[in-house]
Amino acid sequence: MLNGNLKLAVQKKGRLTEKSLQLLKNCGIDIELYSERLLISARNFDLDILFLRDDDIPEYVQDGVADIGIVGGNVVAEKQSDVRILKELGFGKCTLMIAVPEHYELNNIHELNGKTIATSYPAILQNYLSENKINAKIIQLSGSVEISPSLGVADCICDIVSTGTTLKMNHLKQSFSVYKSESLLISCKKIFEPEKQNLIDSLVMRIESALNARKSKYLMMNIPKSSLNIIKEKLPALKSPTILALADESMLALHAVIPSDKFWEIQSDLKNAGASDILLLPIENIIL
Ligand code: PRT
Ligand code: ZN
């Protein structure tokens, strides 16, 4: 393992695994997966990937067993590990919420005083309760937190919510948001070799360009020359659009990089202004 490669810890099997590996692929890093391997090396980047349980990743990175890692912000906050956060990665988004049984009337956070709250995140919850000067009893559970109120183990829970389906199925309702989380790229604070730091900088640059690309699309269309100004005003382009002449002199081709989520807002305006043959293409990387 001591081959000078950068060591990246990724969740072995869980919600973040596929997206973490996809992000590496989007960075042009070529990895071949052997499902039962704990360590694989990239073919075209000095990178070894260690597959670990997500709970172990912050500590492995803190201690330098792995140089960097991809893990939920919730796990980093809960473990209180001393690591550097290099980048928010925009996937694995979820919220740690306090949820109460549906029939509970809980309007004010101070009504949690004296209650029993079950959670797998005692450190984050205790921090939240202390900040809000609430004295509640925390019961630490390692799983199936959502059934604890119906079993009479706790009055309410503090658990991860993404769609809210699990809470609904267990007749619980979202009450207070405790911590908003997404996947993070973290690094060890003690990277001494300049070669390693260069590898980290290069990987972060690739990740930034892959994340920028995901937020943008390449728009191509033909427009009447007379509509150029109206269409330029409608375009939420990252940079000035490219305008190209066409064989038909009354028409132009216009190409622009636009934020992905804006296309459907502007497409009817574009058509009304005479745009035709509108193509929206994915972008692999953007280096700004
Ligand atoms: O085995 P290992 O320890 O590695 O994995 P794990 O089982 O501890 O974690 P895993 O794979 O479930 O989640 C990994 C990370 O994904 C978490 O640490 C979060 O950062 C993030 N994440 C995003 C979530 C969710 N969304 C999520 N919905 N983690 C868990 N959930 C669970 C939640 O605990 C609850 O049981 O999903 C349920 C709620 O989902 P909804 O959609 O019904 O609201
Ligand atoms: Zn875990």
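Please read all numbers here as calculations on a predicted model, not as lab measurements.

(A) Broad picture of the environment of Leu-106. When you line up the elements, Leu-106 lands in the loop between β6 (94-101) and β7 (116-119). On the basis of relative accessible area, Leu-106 is assigned to the buried category, the value being 12%. Taking the C-alpha atoms as reference points, Leu-106 and Gln-267, 161 residues apart in sequence, are found 44 Å from one another. Leave out the neighbours within four places in its chain, and Leu-106 touches Val-100, Glu-111, Leu-112, Ser-175 and Phe-176.

(B) Region of interest: the coordination of the zinc ion (ligand 2). Surrounding the zinc ion (ligand 2) are the protein donor atoms Asp-54 (OD) and Asp-55 (OD), at 2.1 Å. One way to put it: the four donor atoms around the zinc ion (ligand 2) meet at angles of 74 to 172°, and that makes the site irregular. Of the residues examined, Asp-55 reaches a relative accessible area of 28% and is grouped as partly exposed.

(C) Broad picture of the domain arrangement of the protein. When cut into domains, the protein gives domain 1 (6-91 + 183-213), domain 2 (94-181) and domain 3 (217-282). The C-alpha-based centres of domain 1 and domain 3 are spaced at 38 Å.

(D) Examining the packing of aromatic side chains more closely. One pass over the structure, following the stated rule, counts one aromatic pair. Ring centres of Phe-263 and Trp-264 lie 4.9 Å apart, and the angle between their planes is 75°; on these two criteria the pair is classed as edge-to-face. Classification of Phe-263 by relative accessible area gives buried; the value is 7%. Trp-264 gets classed as exposed once you look at its relative accessible area, which sits at 65%.

(E) Representation of the sheet that holds β7 in the model. Pairing in this open sheet of five strands is mixed, and the strands run β8-β7-β9-β6-β10 from one edge to the other. Whereas interior strands pair on both sides, the edge strands pair on one side only; in this sheet they are β8 (137-140) and β10 (172-181). The average undirected angle you get between the axes of adjacent strands in this sheet is 30°. Here four bridges tie β7 to β8, and the two strands are oriented parallel to one another. Its bridge partner being in β8, Thr-119 is matched across the sheet by Gln-140.

(F) How the structure looks around the site of ligand 1. Inspection of the region around ligand 1 gives 20 residues, with Arg-53, Asp-55, Asn-74, Thr-163 and Thr-166 positioned closest. One of the backbone nitrogen or oxygen atoms of Arg-15 is found 2.9 Å away from an oxygen atom of ligand 1. One of the backbone N or O atoms of Gly-164 is found 2.8 Å from an oxygen atom in ligand 1. In the complex, 78% of the free accessible area of ligand 1, which totals 840 Å², lies under the protein chains. Within the residue set of the shell around ligand 1, elements represented by two or more residues are α3 (73-79), β9 (156-161) and α5 (165-169). At three residues, the largest contribution of residues to the shell around ligand 1 is made by β9. A per-class count over the shell around ligand 1 returns five nonpolar, 10 polar and five charged. Looking at which domains feed residues into the shell around ligand 1, each of domain 1 (6-91 + 183-213) and domain 2 (94-181) gives three or more.

Reading the values: rules and limits
Residues numbered from 1 in each chain as written. Chains lettered and ligands numbered in written order. Predicted model: local features only at pLDDT ≥ 70, side-chain atom pairs only at ≥ 80, totals over all residues. Heavy atoms only, no water. Helix = DSSP H or I, 4+ residues; strand = E, 2+ residues; numbered from the N terminus. Buried < 20%, exposed > 50% of the residue type's maximum accessible area, 1.4 Å probe, protein only. Contact = heavy atoms within 4.5 Å. Donors = N, O, S within 2.8 Å, 3.2 Å for Na, K, Ca; no water. Tetrahedral: all angles 85-135°; square planar, octahedral: opposite > 155°, others 65-115°. Domains from an automatic or database assignment. Phe/Tyr/Trp six-rings, centres within 6.5 Å; stacked < 30°, edge-to-face > 60°. Pairing = 2+ DSSP bridges. Axes fitted to C-alpha atoms, helices over the stretch in contact; angles between N-to-C directions. Near = heavy atom within 4 Å. Polar contact = N/O pair within 3.5 Å; in protein donor to acceptor, adjacent residues only side chain to side chain. Areas by Shrake-Rupley, 256 points an atom, 1.4 Å probe, with all protein chains shown as cover. Nonpolar A, V, L, I, M, F, W, Y, C, P; charged D, E, K, R; others polar.

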